[in-house]
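Observations on the three-dimensional arrangement
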Amino acid sequence: MNVHDSHRADDRHRALERVMQQHRLRPDSLIEILHAAQRQFGWLDRDVLGLIAARLRLPPSLVYGVASFYHAFRLEPPGRHRCTVCTGTSCHLKGGSRLLQQLEQHFGIACGATAPDGSLTLENVRCLGACGLAPLIVIDDEACPHASFGPVVERLTASLDGEDTSP
Amino acid sequence: MNDILFRHNRPDRAVTLDEYRAEGGFQALQKALADLSPDAVQQTVIDSGLRGRGGAGFPTGKKWSFVPRNLPGPRYLICNCDEMEPGTYKDRVLLERNPYLLVEGMALACYALGVERAFIFIRRGYELAAQNLKGAIAQAHKAGFLGSAICGSTFNLELDVHQSAGRYICGEETALMNALEGIRANPRSKPPFPAVKGLWGQPTVVNNVETLSNIPAIVAHGPAWFKALAATPEGAGTKLFCVSGHVQKPLCLELPIGTTLGEIIDTHCGGMRAGSTFKACIPGGASTPYFTRDHRTVPLDFDPVAKAGSRLGTGGVVVFDQTTCMVAATLNLVRFFARESCGWCTPCREGLPFVQHILERIEAGRGEMADMDILREHVHKLNYAFCALAPGAMGPVEGLLRLFEDEVREHITGGKCPLGN
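Quick caveat, the model's predicted, so the values are computed rather than measured. (Residues numbered from 1 in each chain as written. Chains lettered and ligands numbered in written order. Predicted model: local features only at pLDDT ≥ 70, side-chain atom pairs only at ≥ 80, totals over all residues. Heavy atoms only, no water.)

A short note on the sheet that holds strand 3 (residues 137–139) of chain A
Residues and elements named next belong to chain A.
- If you walk across this open sheet you meet the 4 strands as 2-1-3-4, and the pairing is mixed. Looking along the sheet, the strands with just one partner apiece sit at the ends: strand 2 (120–125) and strand 4 (142–144). Strand-to-strand twist across the sheet, computed as the mean angle between neighbouring axes with direction ignored, equals 20°.
- Of the pairings in the sheet, the one linking strand 1 (residues 81–86) to strand 3 comprises 3 bridges and is antiparallel in character. Residue Val85 lies in a different strand from strand 3, and its bridge partner there is Ile137.
- Of the strands in this sheet, strand 1, strand 2, strand 3 and strand 4 touch helix 7 (residues 149–161), which is tilted by about 15° from strand 3. (Pairing = 2+ DSSP bridges. Helix = DSSP H or I, 4+ residues; strand = E, 2+ residues; numbered from the N terminus. Axes fitted to C-alpha atoms, helices over the stretch in contact; angles between N-to-C directions. Contact = heavy atoms within 4.5 Å.)

Now the structure itself:
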């Protein structure tokens, strides 16, 4: 870690501490604090979970239990780009499940996994609550309604190619 | 017909507070605070026949009446907007178009219940809905419809929005309370019921977004008016139906409760999409047994749908055409429930993956005749799970075995999916 990175890490810890203080370190604010931690760090590693447990005076097992229970919390670093395929019933009817299989094959990543170079995470969700737009895909928080294989691959490939790869 | 919930809608954006007020918004709250006692508001809701729109259809006024009068300490109202049932998106549409109905409805409910702090539990991913709602709460505060001494009365109310961390089981009301308390959303045992001992051990009522959004119109126009909106004599009010799947125009619409399935599809959704014929549908969200062609004349209201062997549920109608393999569709639904099982009780945690495995086997052409009996046994036995998730998950499986037995049999005898999946 260089000096710049460690400053940034300090800022993030300070921001997290501020949120915990806002909640007066109340144990029942755990979920809000996990949300805040993930906003700062992008995901929740063991150190952050341990820190939160210590500050809220909760057993680390309880904090890990909550963090691993809810879908929102990531316990592994996500890829730089994210592709989420809805496989809810309406999207399934319109080909969402097939689309997911095709994307798995095309990018060589299993659903739920991240490419070895950290460029892309492929995941699925069961019903995003926009069933009229089936099949629905979300790429980096942007919804792509009525998605089909060709355009989605094009979109993703463009995002991956457009990455700033300089160190 | 947009009588209550979609009455103030603008085509492309959320209604503003000024527009809502110009069309009669917040008059019901002002009227109640000036002229009606909390008990009178509760009685109005009881008389209206309003039933919970979150899926179970429990009479709303009756639910309120379970809260004991004289327990010390605070009591809470929670609005359940953890809409995660596949095929259901009505609460999102409602909040994206008119969050003020919910704010006013919650204020009236809290007045009737003696609640001074209420929560809205909104699902992860409903960013626009949450943003609209927070904006509406801030605006209502400024205009004096929330906060202290509302409209010059002695009634105080604060509304808090909590964004869920995402888990289907949070829609179960006791699990939802655990989630609000910051722990894993496992359901709690009942009794004690939430109305007596709920959030932080205090009396708590949990109502759905659509349910609460109906309250202002009921208070403004009275129970008789509300009842007359229904398409059936025994029904009350309107219902949001969100239609998706193989129809021409998938959309969310407000119709008299008791409108038939055939009318919804043919008149309001432009019929089936080109080349499609109707095979089956889910009438009310992922946990309800299928309807077939024979059910197209059933009025979509709680009792008629129950009599026809399914549940009105959330009103999320997913339409399947002739190309849909019912085993694969059921498998898709069961996978959802197996993944969303909270793991608290064994029948659900172990039973649902087992049912999923059997359906996978049948769909892949490796099923055996005995599998159908195993599935039937599970439809029966998963009723003994701790909460309603596992029985709900078996709804589509029950429907599959009752209505599409031949199709399941064809998978087994033919050794493959007859639709080529």
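Having seen it, we continue.
Quick word on the pattern of salt bridges
All names here are of chain B.
- Counting across every chain of the model gives 34 salt bridges over all chains.
- Between Asp303 and Arg51 there is a salt bridge; the shortest N-O distance is 3.3 Å. Of this pair, Asp303 sits in helix 12 (residues 302–307) while Arg51 sits in the loop between helix 3 (38–48) and helix 4 (60–65), and the two are 252 residues apart along the sequence.
- The exposure class of Asp303 is partly exposed, given its relative accessible area of 42%.
- For Arg409, the salt bridge goes to Glu405, with nearest N and O atoms at 2.4 Å. Of the two residues, Arg409 and Glu405 both sit in helix 17 (residues 405–414), 4 residues apart, roughly one turn of that helix.
- One network of salt bridges, in which partners are shared, links Arg53, Lys90, Asp91, Glu210 and Lys239. (Salt bridge = Lys/Arg side-chain N within 4 Å of Asp/Glu carboxyl O. Buried < 20%, exposed > 50% of the residue type's maximum accessible area, 1.4 Å probe, protein only.)

Some points on the state of the cysteines
- In total, this model carries 0 disulfides over all chains according to the counting rule given.
- In this structure Cys79(B) is not part of a disulfide, and its nearest cysteine sulfur, from Cys81(B), lies 6.0 Å away. (Disulfide = S-S within 2.5 Å.)

A word on helix 2 (residues 27–35) of chain B
Residue and element names in this part refer to chain B.
- Within helix 2, burial applies to Ala28, Leu29, Ala32 and Leu33. What you see down the axis of helix 2 is that its buried residues fit within an arc of 125°, all on one side. For helix 2, the exposed residues lying more than 90 degrees away from the buried face are Ala34 and Asp35.
- Where helix 2 is buried, its residues touch helix 3, helix 6 (99–113) and helix 9 (209–221). (Arc of directions from axis to C-beta.)

Notes on helix 11 (residues 261–268) of chain B
All names here are of chain B.
- For helix 11, the set of buried residues is Leu261, Gly262, Ile264 and Ile265.
- Looking at the buried positions of helix 11, the neighbouring elements they touch are strand 5 (238–245), strand 6 (251–256), strand 7 (278–282), strand 8 (291–292) and strand 9 (316–321).
- One or two residues past the end of helix 11 sits Gly270, with phi positive at roughly 70°.

Side note on the nonpolar core
- The biggest cluster of nonpolar side chains holds 84 residues, and the ones touching the most others in it are Leu34(A), Ile52(A) and Tyr70(A).
- Broken down by element, this core gets its largest block of residues, 10 residues, from helix 13 (residues 326–340) of chain B.
- Ranked by size, the runner-up nonpolar core spans 68 residues in total, among them Ala118(B), Ile120(B), Leu146(B) and Val219(B). (Core = buried A, V, L, I, M, F, W, Y, C linked by side-chain atoms within 4.5 Å.)

Overview of the packing of aromatic side chains
Residue and element names in this part refer to chain B.
- Counted by the stated rule, this structure contains 17 aromatic pairs over all chains.
- Here Tyr20 and Tyr100 contribute two aromatic rings whose centre-to-centre distance is 5.8 Å and whose plane-to-plane angle is 20°, an arrangement assigned as stacked. With Tyr20 in helix 1 (residues 17–22) and Tyr100 in helix 6, the pair connects residues that are 80 residues apart, well separated along the chain. Exposure class is identical for Tyr20 and Tyr100. Each is buried.
- Members of the aromatic cluster, connected to one another through ring pairs, are Tyr20, Phe26, Tyr100 and Phe145.
- One residue, Arg296, lies across the ring of Phe278, its end atom 5.1 Å from the ring centre. (Phe/Tyr/Trp six-rings, centres within 6.5 Å; stacked < 30°, edge-to-face > 60°. Lys NZ or Arg CZ within 6 Å of the ring centre and 35° of its normal.)

A few points about the interface of chain B and chain A
- Chain B puts 46 residues into the contact, and the matching count from chain A is 30 residues.
- Buried area between chain B and chain A, both sides added, is near 2,900 Å², and the carbon and sulfur share of it is 56%.
- Contact with chain A buries area across many residues of chain B, yet Ala165(B), Asn332(B) and Arg339(B) alone supply 20% of it, more than any other trio.
- On the surface where chain B and chain A come into contact, there are 0 salt bridges.
- Summed over the shared surface of chain B and chain A, the result is 19 residue pairs in polar contact (both at pLDDT 80 or more).
- Put simply, the parts of the chain that give the side of chain B that touches chain A at least two residues each are strand 3 (158–163), helix 8 (173–180), strand 5, strand 9 and helix 13 of chain B.
- Top contributing element to the side of chain B that touches chain A by residue count: helix 13 of chain B, with 8 residues. (Buried area = accessible area lost by both parts, 1.4 Å probe. Polar contact = N/O pair within 3.5 Å; in protein donor to acceptor, adjacent residues only side chain to side chain.)

Looking at unusual backbone geometry
- Cis peptide bonds are those with omega within 30 degrees of zero, and the linkage from Ala134(A) to Pro135(A) qualifies with -10°.
- Inspection of the secondary structure puts Pro135(A) in the loop between strand 2 and strand 3.
- Pro192(B) follows Pro191(B) through a cis peptide bond whose omega is 0°.
- Within the secondary structure, Pro192(B) sits in the loop between helix 8 and strand 4 (204–208).
- Residues other than glycine seldom take positive phi values, yet Leu25(A) does so here, at roughly 55°.
- Phi is positive for Asp141(A), close to 70°, though the residue is something other than glycine.
- Along the chain, Asp141(A) turns up in the loop between strand 3 and strand 4.
- On the basis of relative accessible area, Asp141(A) is assigned to the exposed category, the value being 66%.

Side note on the domain arrangement of chain B
Residue and element names in this part refer to chain B.
- Here the domain parsing of chain B yields domain 1 (17–227), domain 2 (230–321) and domain 3 (326–414).
- A straight line from the C-alpha centre of domain 2 to that of domain 3 covers 23 Å.
- Contact with domain 2, which involves 12 residues of that partner, is made by 15 residues of domain 3.
- Interface area for domain 2 against domain 3, summed over the two sides, is near 1,000 Å², with a carbon-plus-sulfur share of 72%.
- The largest contributions to the domain 2 side of the interface with domain 3 come from Lys279, Ala286 and Tyr290, which together make up 51% of the buried area.
- At the boundary of domain 2 with domain 3, the tally comes to 1 salt bridge.
- Across the salt bridge formed by Lys279 and Glu407, the nearest N and O atoms sit 2.9 Å from each other.
- On the surface where domain 2 and domain 3 come into contact, there are 3 residue pairs in polar contact (both at pLDDT 80 or more).
- Residues belonging to the side of domain 2 that touches domain 3 are distributed by class as follows: 6 nonpolar, 5 polar and 1 charged. (Domains from an automatic or database assignment. Nonpolar A, V, L, I, M, F, W, Y, C, P; charged D, E, K, R; others polar.)

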